[in-house]
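Descriptive analysis of the structure
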Amino acid sequence: MPVLWILLIVFAIAAAGYVLGARRVDALSGGDHRRLHSRTTYYGWNVALFALVPALLLLMLWLFAQPLLIERTVSSYIPDSAIAEGETRGIVLGQVRDVAGTLNRAVSEDVITDVEAANLQPDDAEVMDRLKAAELPILTTPEILGAAKAHRRMVETASTWLGIVVIALALLWAGFALWRTSPDFRARNVVEQVIRGVLIGCSCIAIATTVGIILSLVFETINFFQLYPWQAFFFGTEWTPSFGGGSELGMLPLLWGTLYISFIALLVAVPIGLFAAIYMSEYASRRVRSLAKPVIEILAGIPTIVYGLFALVTVGPLLRDWIAQPMGLGNSGSSVMTAGLVMGIMLIPFVSSLSDDIINAVPQSLRDGSLGLGSTHSETISKVVLPAALPGIVGAILLAASRAIGETMIVVLGAGAMAQISGNPFEAMTTITVKIVGQLTGDNDFASPETLVAFALGLTLFVITLALNVLALYIVRKYREQYE
Amino acid sequence: MDSAHLTERTMQTMADDIKVQARNVQVFYGDKQAIKDVDVDILDKTVTAFIGPSGCGKSTFLRCINRMNDTIPVARVEGQILLDGEDIYDRRVDPVPLRARVGMVFQKPNPFPKSIYDNVAYGPRIHGLSRNRAELDGIVEQALRGAALWDEVKDRLSEPGTGLSGGQQQRLCIARAVATAPEVLLMDEPCSALDPIATSQVEELIDQLRQDYSVVIVTHSMQQAARVSQKTAFFHLGNLVEYGDTDDIFTRPQDPRTESYISGRIG
């Protein structure tokens, strides 16, 4: 029985359980719902959840365990002698799965019957020819064919039993919950408990994923440092990866490019974003504000690859033709300045939107107090409002900085891929993110340091942005209560 | 209190010196009229109390005296308010220097998130009232002494003003207003967020401030009005119903509405 069918049946049982549970308690209460401990919907949900949760849990466990168990049994069909020189048991088991899959397709496309598939022998020429004609040839050893047939048989039996057991479980628990239903039964507490469990489960998934990502980065990084000395990685000033061997994998040129471009981006984004925020929150009329704020925030919705195109097609050539070449600073359309400027534009809405919220959060009473002492509007802003909002603004800037450091597409298209350390902002440079993409694009050999270096770079980047985020949160939290 | 009050009142009538004159003042919030045709003379070196039920316009009128209503976009003021004979709503008058002359203390203590010293020094610094640090120190100390806060904070002037207790914060705000050396001090329910002990400290302070300033206080507490003021104005539904000596208002009110309010029947 296909899993989809099992799911549908279980959900149908749950739905029926909901209706029955609610009806039963309604009947038991004699129509007077004040006598019930909980509302009728809770009794319905109680039955439905009892039908659903154990059945679905079992289904999940079964589907997880079934391949492992079947693999182990199938493995016993293959004697060590059937494993060819240079092959492993894992590869042979993979072939078994492939053959079983081919047989399944042949049956579902009506090339052969189910019985023929179950009894297929390598010397069964007529059936083999039909398979060949349908472009589903089976060319394999008798041992593997036998194992594949066993594999199919077991999967079939297992899925039949899976359906029976899961549906029986759903019916059993639904029946139990229904039997337990009475006006005094605390259905609400049970249902709330289950809902709480589901909520906890969801947050655990998010946390577990984060931990998983970090662990995979850490393990690959450890592999990398076993192949390549960490001193050379962290302090090397040459980045010349070559898959033939003899690469220099120093990350300093990449770190320099990352920080240089981020610095220029912040130089653009912070003043413009901050002044825009001050205008929005302190000077703009309500009408202007309601129009201009969404327009600025549209900038945040533009995909960064579009910014990258803008950098490549417009900003890069413009800077080269009007500034770099006349001043003799370089001939490259891709440059740190191009990527930095465009990234700065991208970050404006981050800085302005966050700062705007923070400036608005400064209580009006502080502005009144300052104005009431005879200070002007601009004195009030510069001497009272901005100092009060400063911690939050610093937090906003740090968040923008961590965005800048992690940005990839604008840099690929705007700054080029030259790993070098230079002070000239009109030269092409590159960043950590770009080189991670570069090292992992194409065919990868996950045993070579040239590929594994990407994980070390990723971890470095992760640590830098994490540190910035933590610092930003710390600053925002520490000073937030000052005027409350 | 009564005998002291009486002598003071006689002194007051002798030195009858009108500081603020309001003539036909009307205030509108959009289409709604909040103040209707108010005429009142506020005397120098006197505490004047504005009383009345919530929403009667007493705070609105108070905010007219230093043009704080200018910060509300929909508010519109008509009529004349004369400060020392000069109309503050005249086209040529800039509200910024006016607010230096007419200081304000707000309902909720609103110290800036700065040190105690910087809070008090804020006004003097902006208006350039001192030429050097020593002079500024002097102004700050004098203002804090004036607000009866000096002894409590003299050892921690560099700590944030927001770390003080509610009553101390309000006295800090009064010191901040006093440091700017205003001529008139407006107080908008300065004790409504304070406990009884802090309230009595602030009230004592108001009584002292009368030596140097014209003080106008909006209050919900009739006992407070009776305790601290020499003149009382009763507002009701945007009208100034009755204005006179505090003792007269509370003992011999002329208008039936005033009598109803002070005896607790409306409000």
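These figures come from a predicted structure and were not determined experimentally.

1. What about the sheet that holds strand β1 (residues 18–29) of chain B?
Across a sheet, paired strands are connected by hydrogen bonds in the backbone, their directions being either parallel or antiparallel. Residue and element names in this part refer to chain B. Read from one edge of the open sheet, four strands run β2-β1-β4-β5, paired in antiparallel fashion. Taken across any chain shown, the strands that pair with only one partner, and hence form the sheet edges, are β2 (32–43) and β5 (86–87). Sheet topology places β1 next to β2; eight bridges connect them, and they run antiparallel. Note on β2: the bridge partner recorded for Tyr29 is Lys32.

2. Structural notes on the UniProt feature "transmembrane region" (unreviewed entry) in chain A
All names here are of chain A. Under the local residue numbering, the UniProt record ascribes the feature "transmembrane region" (unreviewed entry) to residues 45–65, 158–178, 198–218, 254–278, 298–319, 339–363, 384–405 and 452–476. The span residues 254–278 is 100% helix and 0% strand, and its two end C-alpha atoms sit 35 Å from each other. Helix and strand shares over residues 298–319 are 91% and 0% respectively, and the end C-alpha atoms of the span are 25 Å apart.

3. Let's talk about empty space enclosed by the protein
Vacant regions in the atomic arrangement are exposed by a probe of water-molecule size rolled over the atoms. Counting across every chain of the model gives one cavity of 30 Å³ or more. Grouping the constituent residues of the lining of the largest cavity by class yields two nonpolar, two polar and three charged.

4. Concerning the interface of chain A and chain B
Tallying the contact residues gives 19 residues for chain A and 22 residues for chain B. In this assembly, chain A and chain B are joined by zero salt bridges. Elements represented by at least two residues in the side of chain A that touches chain B include exactly α13 (364–372) and α14 (377–406) of chain A. For the side of chain A that touches chain B, the element with the most residues is α13(A), which contributes seven residues. Of the residues that constitute the side of chain A that touches chain B, the class distribution is seven nonpolar, nine polar and three charged.

5. Topic: a nonpolar patch on the surface
Residues and elements named next belong to chain A. Side chains of Ile305, Val306, Leu309, Leu312, Val313, Met409 and Val412 sit close together on the surface and give an oily, nonpolar patch of about 550 Å² of accessible area. Where the nonpolar patch is concerned, the elements lending two or more residues are α11 (304–324) and α15 (409–415). If one sorts the elements of the nonpolar patch by residue count, α11 sits on top with five residues. Along the chain, Val306 turns up in helix α11.

Parameters at a glance
- Residues numbered from 1 in each chain as written.
- Chains lettered and ligands numbered in written order.
- Predicted model: local features only at pLDDT ≥ 70, side-chain atom pairs only at ≥ 80, totals over all residues.
- Heavy atoms only, no water.
- Pairing = 2+ DSSP bridges.
- Helix = DSSP H or I, 4+ residues; strand = E, 2+ residues; numbered from the N terminus.
- UniProt positions renumbered as here; feature names shortened; annotations may be inferred.
- 1 Å grid on protein atoms, 1.4 Å probe; cavity = no way out; pocket = protein on both sides within 12 Å on 5 of 7 lines; lining within 4 Å.
- Points joined across faces, edges and corners; volume = space filled by probe spheres on them.
- Nonpolar A, V, L, I, M, F, W, Y, C, P; charged D, E, K, R; others polar.
- Contact = heavy atoms within 4.5 Å.
- Salt bridge = Lys/Arg side-chain N within 4 Å of Asp/Glu carboxyl O.
- Patch = residues over 30% accessible without salt bridge, like charges linked within 9 Å, V, L, I, M, F, W, Y side chains within 5 Å.
- Areas by Shrake-Rupley, 256 points an atom, 1.4 Å probe, with all protein chains shown as cover.

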